[in-house]
Amino acid sequence: MNTSCQTLADWVEQVASHTRPEKIHWCDGSENEYRGLIDLMLADETLLELDQRNWPGCYLHRSDPSDVARVEHLTFICTPEEADAGPNNNWMAPEEAHRKTDELFAGCMQGRTLYVIPYCMGPIDSPYSRCGVEITDSPYVVANMRIMTRMGTAALRRIEQDDSFVKGLHSTGDLDPDKRFIMHFPEELTIKSIGSGYGGNALLGKKCHALRIASYQARYEGWLAEHMLILGLQDPTGRIRYIAAAFPSQCGKTNLAMLVPPAELDGWRVWTVGDDIAWLHPGDDGRLYAINPEAGFFGVVPGTAPDTNLNAYEMIRRDTIFTNVGVTADNEPWWEGRAENKPALDWKGQPMSGDSPAAHPNSRFTVSARQNKGYTPLMDDPRGVPISAIVFGGRRRELAPLVYQARDWEHGVLVGASVASETTAAAAGQVGVVRRDPMAMKPFCGYNFADYWGHWLETGKRLSSPPEVFHVNWFRRDESGRFLWPGFGENLRVLSWILDRCENGADAVDTPIGMTPAAGALNTDGADVSAADMEALLHIDRAGWRQEMQQIGEYFDTYGERLPAVLRQRQQKILGELG
Ligand code: OXD
Ligand code: MN
């Protein structure tokens, strides 16, 4: 036994006798251990070494071509009552889900090593952090978990102290998509994932624990687990304020969290606290505080370039695991959007041919957050950072204006619950279809959305100084498909209006859907955006919004009696104002 935590020791023993590994390895999180895993994977070609002279510590992993994204249709919330999972989730009865997966786990680790990964989501010494243990047979998962979480001995010590942890059992199985399941048992604080090695399905600390299980725990413990980036925005006076922003996968959270200000906005700076997940707690002072439970970034590679995300571009030049990118003839990683060099092999290792991309559209980098130029030690502050503004957003060609502000917290909850976005390659399935993605949590909320919105409303009541709530849309296009807003660094202009609004300092126009920037209130000096485009970006199309509000009402209908009445009232009120 390698731990004084009896529950953990018993569980490892029980899993081992079921899965029958050849060896058991308790991860300590050391550099030596990481090096050993890399060597092992180089030897069996799970990893390929990239050009170490120019890309030191960088490796390429090619996944099975059928295993490149999250699989929402194979992801289940297994609460005893189906209604508790809600219409937003796939549900399976816990006994059935255990039976189905246990059958697949039986003997699945024969001839392999079982790794025990103790990890902590959040700073080790934060009261807001929560621990978990992932058991896996994949060295690739172990290496990624070491980058993405605080993993190893320190986490194990905390688990022994708390005597509480989330149990995550994972095996890549035989990668047969018909035998792939990602099961969550929120009441048992347990995850069982089999048949996939892809990040969101296999690095169990991330989506499975820090969002699905944590959102469920947060409801009972009085906090929020959200699919949000956290950034610190330093203005030219040196003052830093914090923003948390929820966008669906592949809508630019990582880019926004690492934003580099355009030259005209001299004196501004962005500090990255997190790029994907925020755990939010009401503080004693009535403000909302955020920690990032992760320690690294699992970001989308294509499009990463000096003009879109210089910090990320430089950050991934060393000590990075690339998954499913192309390679050049001289063994550098290559992806669409990388200007230098050209690809020789695509992400499957095949010679480039025709128009098919070199990198898979959902190819990823895994890298420590400390390698980012915008790293701030506040990321490791056990108290977290106070949030001034919460921003929701989606990818929408039409309708949603560049930015608008909710009137108050309740309206903000309605704005979050109404988020819709075009689907992307982060999940298997059709790309580009608009779907409702409330709070960007559609794939990640571990319980019924109606109860979740109720919990948001209750949380607001505990805040005497709640954050202001906004909605943004960087993705508006004209009829020809041209983007109306330049995006990336220029988004700072919108963020600075948002911060001004938090202190009633910028002019706004009152519209039925909320407050939009008054003419000239949003600084566009030096930006490549015409007055006509700006007008289109801020225009409220009343007929379109009437239809949208009606559709939101129909969407709410699917939650029946459980829908908090106040959301219906606010939706009806706006519909009435739209005339
Ligand atoms: C992610 C996702 O990987 O949202 O962050 O899919
Ligand atoms: Mn995400």
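Predicted, not measured: the structure shown is a model, and the values here were computed from it.

### A look at the sheet that holds strand β20 (residues 326-328)
Reasoning step 1: Ordered by their spatial adjacency, 3 strands build an open sheet running β21-β20-β22, and the pairing between neighbours is antiparallel. Because the sheet does not close on itself, it has two edges, and the strands there are β21 (333-334) and β22 (343-345).
Reasoning step 2: Relative to β21, β20 runs antiparallel, the two being bridged by 2 bridges. In the strand pairing of β21, Gly326 is matched with Trp334.

### A closer look at the site of ligand 1
Reasoning step 1: Looking at ligand 1, the residues that line it are Arg70, Lys206, Lys207, His227, Ser249, Asp276, Phe298, Arg364, Ala426 and Phe444.
Reasoning step 2: Note that an oxygen atom of ligand 1 is positioned 3.0 Å from one of the side-chain N or O atoms of Lys207.
Reasoning step 3: At a separation of 3.2 Å, an oxygen atom of ligand 1 approaches a polar side-chain atom of Asp276.
Reasoning step 4: Judged by its atoms lying within 2 Å of the grid points, ligand 1 is housed in the largest pocket.
Reasoning step 5: Counted by class, the shell around ligand 1 contains 3 nonpolar, 2 polar and 5 charged residues.

### What about the coordination of the manganese ion (ligand 2)?
Reasoning step 1: The protein atoms that coordinate the manganese ion (ligand 2) are Lys207 (NZ), His227 (NE2) and Asp276 (OD), at distances spanning 2.2 Å.
Reasoning step 2: As a motif over one chain, the donors of the manganese ion (ligand 2) read K-x19-H-x48-D. Of this pair, Lys207 sits in helix α8 (residues 205-221) while Asp276 sits in the loop between β15 (269-274) and β16 (278-282); the two residues are 69 residues apart in sequence, bridging distant segments of the chain.
Reasoning step 3: With relative accessibility at 5%, the residue Lys207 sits in the buried group.
Reasoning step 4: We classify Asp276 as buried; its relative accessible area is 9%.

### Notes on the layout of surface pockets
Reasoning step 1: Taken as a whole, the largest pocket encloses approximately 1000 Å³ of empty space.
Reasoning step 2: Together, 48 residues line the largest pocket, and Gln250, Cys251, Gly252, Asn255 and Arg395 are the ones closest to its centre.
Reasoning step 3: Where the lining of the largest pocket is concerned, the elements lending two or more residues are α8, α9 (253-257), β18 (296-300), α10 (306-315) and β23 (364-368).
Reasoning step 4: Ranked by residues supplied to the lining of the largest pocket, first place goes to α9 with 4 residues.
Reasoning step 5: Looking at the lining of the largest pocket residue by residue, the class counts come to 19 nonpolar, 17 polar and 12 charged.
Reasoning step 6: Of the residues that make up the lining of the largest pocket, three or more belong to each of domain 1 (6-56 + 71-222) and domain 2 (225-296 + 377-577).

### What about the side chain of Thr149?
Reasoning step 1: Relative to the assigned elements, Thr149 resides in the loop between α5 (139-148) and β8 (150-151).
Reasoning step 2: The buried category is assigned to Thr149, whose relative accessible area is 5%.
Reasoning step 3: Of note is the side chain of Thr149, whose polar atom sits 2.8 Å from the backbone oxygen of Met145.
Reasoning step 4: What Thr149 contacts, discounting residues up to four positions off in sequence, is Tyr119, Cys120, Met121 and Ala295.

### Regarding the domain arrangement of the chain
Reasoning step 1: Partitioning the chain into domains gives domain 1 (6-56 + 71-222), domain 2 (225-296 + 377-577) and domain 3 (326-359).
Reasoning step 2: If you look at the interface, domain 1 gives 5 residues, while domain 3 gives 7 residues.
Reasoning step 3: A buried area of about 450 Å², summed over both sides, lies between domain 1 and domain 3, and 60% of it is on carbon and sulfur atoms.
Reasoning step 4: Together, Leu50, Asp51 and Trp55 form the three largest contributors to the area buried by domain 1 at its contact with domain 3, with a combined 87%.
Reasoning step 5: Between domain 1 and domain 3 we count 0 salt bridges in total.
Reasoning step 6: Inspection of the region where domain 1 meets domain 3 yields 3 residue pairs in polar contact (both at pLDDT 80 or more).
Reasoning step 7: Class assignment of the residues belonging to the side of domain 1 that touches domain 3 gives a composition of 2 nonpolar, 1 polar and 2 charged.

### Concerning empty space enclosed by the protein
Reasoning step 1: Summed over all chains, the structure comprises 3 cavities of 30 Å³ or more.
Reasoning step 2: In this structure, the largest cavity occupies an estimated 150 Å³ of space.
Reasoning step 3: Surrounding the largest cavity, 16 residues form its lining, Tyr404, Val415, Ser418, His471 and Trp545 being those nearest its centre.
Reasoning step 4: Of all elements in the fold, only α11 (409-417) and α15 (542-557) reach the threshold of two or more residues within the lining of the largest cavity.
Reasoning step 5: Of the residues contributing to the lining of the largest cavity, the split by class is 11 nonpolar, 3 polar and 2 charged.
Reasoning step 6: Here the second largest cavity defines a volume of roughly 50 Å³.
Reasoning step 7: Around the second largest cavity, the lining residues are Arg407, His411, Pro512, Arg570, Lys573, Ile574 and Glu577.
Reasoning step 8: Per element, the largest residue contribution to the lining of the second largest cavity is 4 residues, and it comes from helix α16 (residues 565-577).

### Quick notes on the environment of Gly238
Reasoning step 1: Note that Gly238 resides in the loop between β13 (228-234) and β14 (240-246).
Reasoning step 2: Between the C-alpha atoms of Gly238 and Gly267, which are 29 residues apart in sequence, the distance is 8.2 Å.

### A closer look at the environment of Glu479
Reasoning step 1: Tracing the chain through its elements places Glu479 in the loop between β28 (468-472) and α13 (491-502).
Reasoning step 2: It is 22 Å that separates the C-alpha atoms of Glu479 and Ala527, two residues lying 48 residues apart in sequence.

Reading the values: rules and limits
Residues numbered from 1 in each chain as written. Chains lettered and ligands numbered in written order. Predicted model: local features only at pLDDT ≥ 70, side-chain atom pairs only at ≥ 80, totals over all residues. Heavy atoms only, no water. Pairing = 2+ DSSP bridges. Helix = DSSP H or I, 4+ residues; strand = E, 2+ residues; numbered from the N terminus. Near = heavy atom within 4 Å. Polar contact = N/O pair within 3.5 Å; in protein donor to acceptor, adjacent residues only side chain to side chain. 1 Å grid on protein atoms, 1.4 Å probe; cavity = no way out; pocket = protein on both sides within 12 Å on 5 of 7 lines; lining within 4 Å. Sits in = over half its atoms within 2 Å of the grid points. Nonpolar A, V, L, I, M, F, W, Y, C, P; charged D, E, K, R; others polar. Donors = N, O, S within 2.8 Å, 3.2 Å for Na, K, Ca; no water. Buried < 20%, exposed > 50% of the residue type's maximum accessible area, 1.4 Å probe, protein only. Points joined across faces, edges and corners; volume = space filled by probe spheres on them. Domains from an automatic or database assignment. Contact = heavy atoms within 4.5 Å. Buried area = accessible area lost by both parts, 1.4 Å probe. Salt bridge = Lys/Arg side-chain N within 4 Å of Asp/Glu carboxyl O.

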